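Below are the chains, spelled out letter by letter.
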Amino acid sequence: MSELPSTELAERVIARSLANGGEFAEIFAERSANLQMSIDESRVEDVVSGGEQGAGLQVVSDGTAYFAHVDGLAEDDLMHAAEEVASALRGSRSEPQALSTREGHPQKIEVRPEDVPAQRKSDMLRELDERGRAQGDEIAQLRVSYGEVRREIVVANSAGTYATDDRTRVRIGAQAVAARDGSVETGTETLGGHRGFEIFEGDPGRIAEQAARQALTLLDADPAPTGSMPVVVGKGFGGVLFHEMTGHGLEADHIHKGASVYAGKLDEMLAEPAVTAYDDALLAGEWGSDGIDDEGAPAQKTMVIDEGKLVSYLYDRRGAERDGAESTGNGRRGSFRDLPIPRMTNTYIAPGDADPEAMIAEVKKGFYAVSFAGGQVEPASGDFVFGVSEGYLIEDGKVTKPCRGATLIGNCLDALAAIDAVGSDFDMKSGICGKGGQRVPVGTGQGHVRIRQLTVGGTEV
């Protein structure tokens with residue numbers, strides 16, 4: 001693969017991009033390498049490795065971005081792309097500032113995954129396969145997977161920024177299918193991070209056991225109840241509820257389009273004082289963490305809700321300029337083929353002081369949503385519907401019967417205001433978030449959270 005652009009080459013490319021005017025020019029260059037492995041039906045298959053390199057260039061003039069990308073990093077390729085974006089304008093040359101290196105907060109990688117033999121990776125997957133299947137004869141299918149990716153990037157722009165980042169992510173996943181008497185249920189669990197192979201030094205095989213147990217438990221599930229009731233949301237992946245119902249609504253592009261119920265609500269109390277929340281790209285080793293964002297801004301921790309009060313939106317460079325604010329380091333893109341847009345990194349409700357068992361014990365009749373299977377949110381109205389992949393009844397302060405077919409139905413502002421307890425058992429999970437045709441890694445998290453009243457849509461007759 002070619003080398004990433006040096007400061008000298010980046011300066012020449014930016015200057016060429018501004019040959020016919022423009023207020024701002026940027027180059028985002030990257031090269032990546034990845035490996036995917038999986039075991040299905042106890043056979044190792046789908047061992048795929050690959051890589052790519054390229055750059056995206058943009059010139060901004062009168063608020064309009066002119067963009068081109070190229071699959072290559074040779075100087076001729078970059079100069080050709082620069083000429084393409086420059087050709088969209090007909091003004092006089094603009095002069096960029098000299099580049100200076102901007103420091104970020106790189107993540108620490110102890111064991112480079114590409115240095116680990118493939119046999120060790122396949123052995124780990126075989127262990128997951130064996131442990132998952134050992135949970136019961138009713139496990140009809142088990143698929144386990146491993147993935148690693150390394151992305152090296154350079155961001156340089158006409159405002160004088162030159163920043164680099166070296167990103168390595170690894171992840172394993174297990175999906176179990178249990179079957180009995182015509183009933184089929186699925187359980188899923190993952191373990192991943194912006195870390196090296198050291199993330200698997202503990203007991204990675206447990207995720208296959210957890211996935212299998214979830215599927216087996218759901219075989220005994222009853223139809224979910226229907227009605228308005230207290231809902232306790234589980235730790236870790238339960239944070240996807242906050243990610244969807246609040247996080248997306250705080251992204252600056254939704255705010256500026258008037259497509260968010262959070263528009264115009266800065267400094268308003270939207271939740272009880274127990275609720276403090278962050279978007280935090282600095283969390284060591286977490287899936288959504290990076291050293292810089294994809295516009296070269298250093299990664300940072302942004303408080304969005306302070307003891308119930310909405311205190312910040314999530315900004316990329318252009319959104320921040322529009323509001324006269326500073327970027328919060330949330331300009332992200334799926335690849336060099338995309339323009340940056342405001343995106344979450346690791347979004348979470350900070351740990352509270354409530355004991356999860358006590359939180360449940362105070363509920364006479366309610367619902368316990370452990371994890372979710374996706375959902376829909378209408379940012380403009382705030383209305384949402386979430387499918388629950390694992391849920392249980394709460395009866396007389398105890399978690400009892402597993403339930404299938406449950407959905408949570410509500411409004412973002414109402415649900416946020418109804419959070420009355422936040423647990424101390426904080427945990428983070430990894431996920432992939434799609435927006436505008438771009439997919440980026442994100443972390444979601446929280447301790448257990450209780451919502452005093454929420455509509456559960458079930459299948460109980």
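What comes next is a walk through the structure. Predicted model only: the values in this text are computed from it and were never measured.

**A short note on the sheet that holds strand β15 (residues 346-349)**
Then step 1. In spatial order, the strands read β12-β11-β10-β15-β22-β21; together these six strands make up an open sheet with mixed pairing. Of all strands in the sheet, those bounded by a partner on one side alone are β12 (309-310) and β21 (427-435).
Then step 2. With three bridges connecting them, strand β10 (residues 277-280) and β15 associate as antiparallel partners. Following the sheet pairing, Tyr278 is matched in β15 by Tyr348.

**Quick word on helix α4 (residues 206-219)**
Then step 1. Its 14 residues place the ends of α4 20 Å apart at the C-alpha level, agreeing with the 20 Å of an ideal helix rising 1.5 Å per residue.
Then step 2. Most of α4 is tucked away, with ten of its 14 residues classed as buried.
Then step 3. Every buried residue belonging to α4 is among Ile207, Ala208, Glu209, Ala211, Ala212, Gln214, Ala215, Leu216, Leu218 and Leu219, and all of these are buried.

**Some remarks on the pattern of salt bridges**
Then step 1. Applying the stated criterion across every chain yields a total of 34 salt bridges.
Then step 2. The shortest N-O distance in the salt bridge between Asp253 and Lys435 comes to 3.0 Å. Here Asp253, found in helix α6 (residues 252-256), pairs with Lys435, found in strand β21; they are 182 residues apart in sequence, far enough to count as distant.
Then step 3. Given a relative accessible area of 17%, Asp253 falls into the buried group.
Then step 4. Assessed through its relative accessible area of 12%, Lys435 is described here as buried.
Then step 5. Each member of the salt-bridge network shares a partner with another, and the members are Asp165, Arg167, Arg169, Asp290, Asp294 and Arg332.

**Section: the packing of helix α3 (residues 118-133) against α4**
Then step 1. Between α3 and α4, whose axes approach to 8 Å, the crossing angle comes to 35 degrees. As for how α3 packs across α4, the hand of that crossing is right-handed. Here Leu128, Arg131 and Gly132 of α3 lie close against α4, whose contacting residues are Arg206, Ile207, Ala208, Glu209 and Ala212.
Then step 2. Partitioning the contact of α3 with α4 into residue classes produces four nonpolar, one polar and three charged.

**Side note on the packing of aromatic side chains**
Then step 1. According to the stated counting rule, one finds eight aromatic pairs in the structure shown.
Then step 2. Seen from their ring centres, Phe197 and Phe200 are 5.0 Å apart, and the 75 degrees between their planes marks the pair as edge-to-face.
Then step 3. Of the residues examined, Phe197 reaches a relative accessible area of 4% and is grouped as buried.
Then step 4. Classification of Phe200 by relative accessible area gives buried; the value is 7%.

**Notes on helix α1 (residues 7-17)**
Then step 1. The set of residues buried in α1 consists of Leu9, Ala10, Val13, Ile14 and Ser17. Buried positions in α1, seen along its axis, are confined to an arc of 135 degrees and lie on one side of it.
Then step 2. Turning to α1, the residues buried within the fold contact β1 (24-40), β2 (43-61), α2 (75-86), β5 (139-157) and β6 (161-180).

**Observations concerning the packing of α1 against α2**
Then step 1. At a minimum axis distance of 7 Å, the contact between α1 and α2 shows a crossing angle of 25 degrees. Put simply, α1 runs roughly parallel to α2. Once α1 is placed against α2, the crossing between them reads as right-handed. Of the residues in α2, those touching α1 at Leu9, Arg12, Val13, Arg16 and Ser17 are Glu75, Leu78, Met79, Ala82, Glu83, Val85 and Ala86.
Then step 2. Among the residues forming the contact of α1 with α2, the class breakdown is seven nonpolar, one polar and four charged.

What counts and what doesn't
Residues numbered from 1 in each chain as written. Predicted model: local features only at pLDDT ≥ 70, side-chain atom pairs only at ≥ 80, totals over all residues. Heavy atoms only, no water. Pairing = 2+ DSSP bridges. Helix = DSSP H or I, 4+ residues; strand = E, 2+ residues; numbered from the N terminus. Expected span 1.5 Å × (residues − 1). Buried < 20%, exposed > 50% of the residue type's maximum accessible area, 1.4 Å probe, protein only. Salt bridge = Lys/Arg side-chain N within 4 Å of Asp/Glu carboxyl O. Axes fitted to C-alpha atoms, helices over the stretch in contact; angles between N-to-C directions. Left-handed = near helix turned anticlockwise from the far one by under 90°. Contact = heavy atoms within 4.5 Å. Nonpolar A, V, L, I, M, F, W, Y, C, P; charged D, E, K, R; others polar. Phe/Tyr/Trp six-rings, centres within 6.5 Å; stacked < 30°, edge-to-face > 60°. Arc of directions from axis to C-beta. Parallel < 35°, antiparallel > 145°, perpendicular 65-115°, else oblique.

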